[in-house]
Amino acid sequence: TFGISSDPLLRFALVFSALIHDVDHRGVPNSTLVEEEDDLAIVHNDVSVAEQNSLRIAFSTLVSDEFKLLKNVIMPDKDARKSFRNAVIQVVLQTDISNTERMQVAQSRWNEAFPTTDDKQKTAPPEENKSSANPRRNLQLQRRSSSDRTLEISTEKESNGTTTEKESNGDLKIQQQWRSQSMDNSINASRRPQYQRFKRNSMHSTRTPYHKLVSPPPPRVDHLSLGIRKSLDFTGKIFEAYESTLEGTRKLRQDAVIHTLISVADVAHTMQSFTTFVKWNERLFRELLKAYHEERISWDPTDGWYNNQIGFYDAYILPLAEKIKKCGVFGGKSSVFLYFAMENKRRWAVEGSLITEEIVKRAANDMMMEYEEDSCSSSFSGDEEEDNGYEDEEEEDI
């Protein structure tokens, strides 16, 4: 479990985060709250508005007198309080999948923690690519290969005693290329000045090389792989977020797995039974449909709801379930998530069209009934106001 099971505070932080990460959700995406200039968007500067609101409510409730005992058990000292709050905040903010920057960082962290075969080949040691990074070395290798090829062909001629027209043309091309390169090099050498760069001070000049007159440049950091493990601070110094040790790798994988776990908790209904998936799928549809009729979102969820669920499984749910299986954080049960995700997608592809029609009909009927009830209640309240008006007039007459 990459140290998660042996850390009780971290384990409780995960459970606590999963419990509170959608508290007081407003039923619309963060983008809608930002466009409407909602008070929450103003307070939280348009960044992960719903998630930050949930964190605010959760910690405000936890520090109240009602939960004083629980708070003292969870956070008995300042260090525990800092660790717990930091863990919960980072985990809950990870559920904002609309934040592309945070999602990219999470994906880069996962790729670094659990690299695939292709990733390992991309990050090959720099020694293997020295030839491609050094043009002069490439030219030397080309000359050597050309001369070797010329020697090989001439040896074959001597052994066979015969030469075809194709071979002679090939020999001629190679010799011409070699002579052309040699001539270009000799011309460039004759044109090249003895001192390419010199320092000029006012009206006086010197032939002392430039690099001897100035302080040496700062060391290059091209050989360092900057990213998740290593970064640069504002002063240009390199610091390691995850050291290149067993402990550093374990911490890197722990963070990657924790963010994956909360992402699974955020869409847990997609990896449970098909009945549970359909239940929460309908509730999500009703929530979005209500927002659409209230003109809070611009797109009608009725359009393409069936196909959108399949696309969501392919683009997000299945890759998420595969991560759980790959890291093996749940041991032998790690593949259960992927099994239910694939099974739910399969059944939705077969039954989802009819289920969508039923969901749309039920939602439409319920909205019509709510509209009629609101109309009746408003008319009833209007009649009461009229009656009260008549009574007031009678009292005045009396």
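Residues numbered from 1 in each chain as written. Predicted model: local features only at pLDDT ≥ 70, side-chain atom pairs only at ≥ 80, totals over all residues. Heavy atoms only, no water.

Visitor: With reference to specific residues and values, describe the overall build of the chain.
Guide: When helices and strands are counted, the chain shows 15 helices and four strands. Taking as baseline every contact in the chain between residues at least 6 positions apart, the subset at least 24 positions apart corresponds to 62%. Taken as a whole, the chain presents about 27,700 Å² of accessible surface, with 52% of it coming from carbon and sulfur. (Helix = DSSP H or I, 4+ residues; strand = E, 2+ residues; numbered from the N terminus. Contact = heavy atoms within 4.5 Å. Areas by Shrake-Rupley, 256 points an atom, 1.4 Å probe, with all protein chains shown as cover.)

Visitor: I'd like a description of the packing of helix α4 (residues 49-62) against helix α6 (residues 78-93), backed by residues and values.
Guide: At their nearest, the axes of α4 and α6 sit 9 Å apart, and the two run at 150 degrees to each other. In terms of orientation, α4 lies roughly antiparallel with respect to α6. Classified by chirality, the crossing of α6 by α4 is right-handed. Listed contacts from α6 to E51, Q52, L55, F59 and L62 of α4 are F84, R85, V88, I89, V92 and L93. (Axes fitted to C-alpha atoms, helices over the stretch in contact; angles between N-to-C directions. Parallel < 35°, antiparallel > 145°, perpendicular 65-115°, else oblique. Left-handed = near helix turned anticlockwise from the far one by under 90°.)

Visitor: Which residues make up the packing of aromatic side chains, and what values go with them?
Guide: According to the stated counting rule, one finds 15 aromatic pairs in the structure shown. Centroid distance F16 to F84: 5.5 Å. Interplanar angle 55 degrees. Geometry classified as tilted. Here the residue F16 occupies a position in helix α1 (residues 8-20), and F84 occupies one in helix α6, the gap between them amounting to 68 residues. Grouping residues by exposure puts F16 and F84 together as buried. Relative to Y316, the ring of F312 has its centre 5.5 Å away and its plane inclined at 20 degrees; by these criteria the two rings are stacked. Pair noted here: F312 and Y316 are both in helix α14 (residues 305-327), with a separation of four residues, about one helical turn. (Phe/Tyr/Trp six-rings, centres within 6.5 Å; stacked < 30°, edge-to-face > 60°. Buried < 20%, exposed > 50% of the residue type's maximum accessible area, 1.4 Å probe, protein only.)

Visitor: Lay out empty space enclosed by the protein in plain terms, naming residues and giving numbers.
Guide: Inspection of the entire model under this criterion finds one cavity of 30 Å³ or more. Roughly 30 Å³ of volume is contained in the largest cavity. The class makeup of the residues in the lining of the largest cavity is four nonpolar, two polar and two charged. (1 Å grid on protein atoms, 1.4 Å probe; cavity = no way out; pocket = protein on both sides within 12 Å on 5 of 7 lines; lining within 4 Å. Points joined across faces, edges and corners; volume = space filled by probe spheres on them. Nonpolar A, V, L, I, M, F, W, Y, C, P; charged D, E, K, R; others polar.)

Visitor: Residue-level account of the side chain of D255, with values.
Guide: Here D255 shows up in helix α12 (residues 246-266). Contact partners of D255, with chain neighbours within four places excluded, come to R109 and Y242.

Visitor: An account of the layout of surface pockets is needed here, citing residue identities and associated values.
Guide: As a volume, the largest pocket reaches approximately 1,300 Å³. Along the wall of the largest pocket there are 37 residues; nearest its centre are I97, D266, V267, L284 and E287. Element by element, the count of residues in the lining of the largest pocket is highest for helix α13 (residues 274-293), at eight residues.

Visitor: Lay out the packing of helix α7 (residues 100-113) against α12 with the relevant residues and their values.
Guide: Viewed as axis vectors pointing N to C, α7 and α12 meet at an angle of 130 degrees, and their least axial separation amounts to 9 Å. Regarding the angle of α7 to α12, the classification is oblique. Here α7 and α12 pass one another in a crossing that is left-handed. Residues R109, W110, E112 and A113 of α7 form the contact with α12, whose own contacting residues are L252, R253, D255, A256, H259 and T260. Of the residues in the contact of α7 with α12, the class split is four nonpolar, two polar and four charged.

Visitor: Report on a negative patch on the surface, specifying residues and quantitative values.
Guide: Together, E370, E372, E373 and D374 give the surface a local cluster of negative charge. One can find E373 in helix α15 (residues 336-397). According to the relative accessible area criterion, E373 is exposed, its value standing at 52%. (Patch = residues over 30% accessible without salt bridge, like charges linked within 9 Å, V, L, I, M, F, W, Y side chains within 5 Å. Salt bridge = Lys/Arg side-chain N within 4 Å of Asp/Glu carboxyl O. Lys, Arg positive; Asp, Glu negative; His and termini not counted. Charge placed at Lys NZ, Arg CZ, Asp CG, Glu CD.)

Visitor: Run through the environment of R362, naming residues and quoting values.
Guide: Inspection of the secondary structure puts R362 in helix α15. Spatially, the C-alpha atom of R362 lies 9.6 Å from that of E282, the residues being 80 residues apart in sequence. When sequence neighbours within four positions are dropped, the list of residues in contact with R362 reads E282 and R286.

By themselves, these figures tell us nothing about what the structure is for.
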